[in-house]
Amino acid sequence: MLELRPNCECCDADLPPETREAMICTFECTFCQDCAQAMAFTCPNCGGELVRRPIRPAQKLTANPPSGRRVLRAEPCDHFKIAAAATRAT
Ligand SMILES: [Zn+2]
Ligand SMILES: [Zn+2]
């Protein structure tokens, strides 16, 4: 079962289980769509593909709750700083 981690590993954005913005790799490294796009949908941890995390139906969440464990990369993601700067510029 997917962990459904609650945040982006790069920018710590909240990624609730119902969001369509969560992107994961096969190891469930979890990123927001903005970070995934900036990394060309390649996981910076394992080099694998990042794909959209499927939505778990709301009625299944009670018995199968999402992970509450926030995972953050030890090292900051370079792409994120670039993306953040670009966002601020607009
Ligand atoms: Zn992010
Ligand atoms: Zn990964």
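Going by the structure above, here's the rest.
Predicted model only: the values in this text are computed from it and were never measured. (Residues numbered from 1 in each chain as written. Chains lettered and ligands numbered in written order. Predicted model: local features only at pLDDT ≥ 70, side-chain atom pairs only at ≥ 80, totals over all residues. Heavy atoms only, no water.)

**Things to note about the coordination of the zinc ion (ligand 1)**
This is how the line gets drawn: The rule for donors is simple: N, O or S, within 2.8 Å of the metal, or within 3.2 Å if the metal is Na, K or Ca. Water isn't counted, so a site may look like it is missing partners. Geometry assignment treats four donors as tetrahedral when all angles are between 85 and 135 degrees, treats four as square planar and six as octahedral when opposite donors are over 155 degrees apart and all others between 65 and 115, and treats everything else as irregular. The cut-offs for exposure are 20% and 50% of the maximum accessible area for each residue type, with area from a 1.4 Å probe on protein chains only; residues under the lower value are buried, those over the upper are exposed, and the others partly exposed.
Taken together, Cys-8 (SG), Cys-11 (SG), Cys-32 (SG) and Cys-35 (SG) make up the full set of protein donors to the zinc ion (ligand 1), lying 2.2 to 2.3 Å away. Coordination at the zinc ion (ligand 1) is tetrahedral, judged from the four donor atoms that bind it and the angles of 100 to 119 degrees they form at the metal. Donor residues binding the zinc ion (ligand 1) come from one chain and are separated in sequence as C-x2-C-x20-C-x2-C. There is no split in this pair, since Cys-32 and Cys-35 are both buried.

**Considering the nonpolar core**
Considering soluble globular proteins, one finds that nonpolar side chains tend to be buried as a cluster. Using the following cut-off: Residues belong to one nonpolar core when they are buried, are Ala, Val, Leu, Ile, Met, Phe, Trp, Tyr or Cys, and are joined through side-chain atoms within 4.5 Å. Put simply, DSSP marks the helices as runs of H or I at least four residues long and the strands as runs of E at least two long, and each gets a number from the N terminus on.
Ranked by internal contacts, the top residues of the largest apolar core, which has 15 residues, are Cys-8, Cys-10, Phe-31, Cys-35, Met-39, Cys-43 and Leu-50. Secondary-structure elements contributing two or more residues to this core are β1 (22-24), β2 (30-32) and α1 (33-38).

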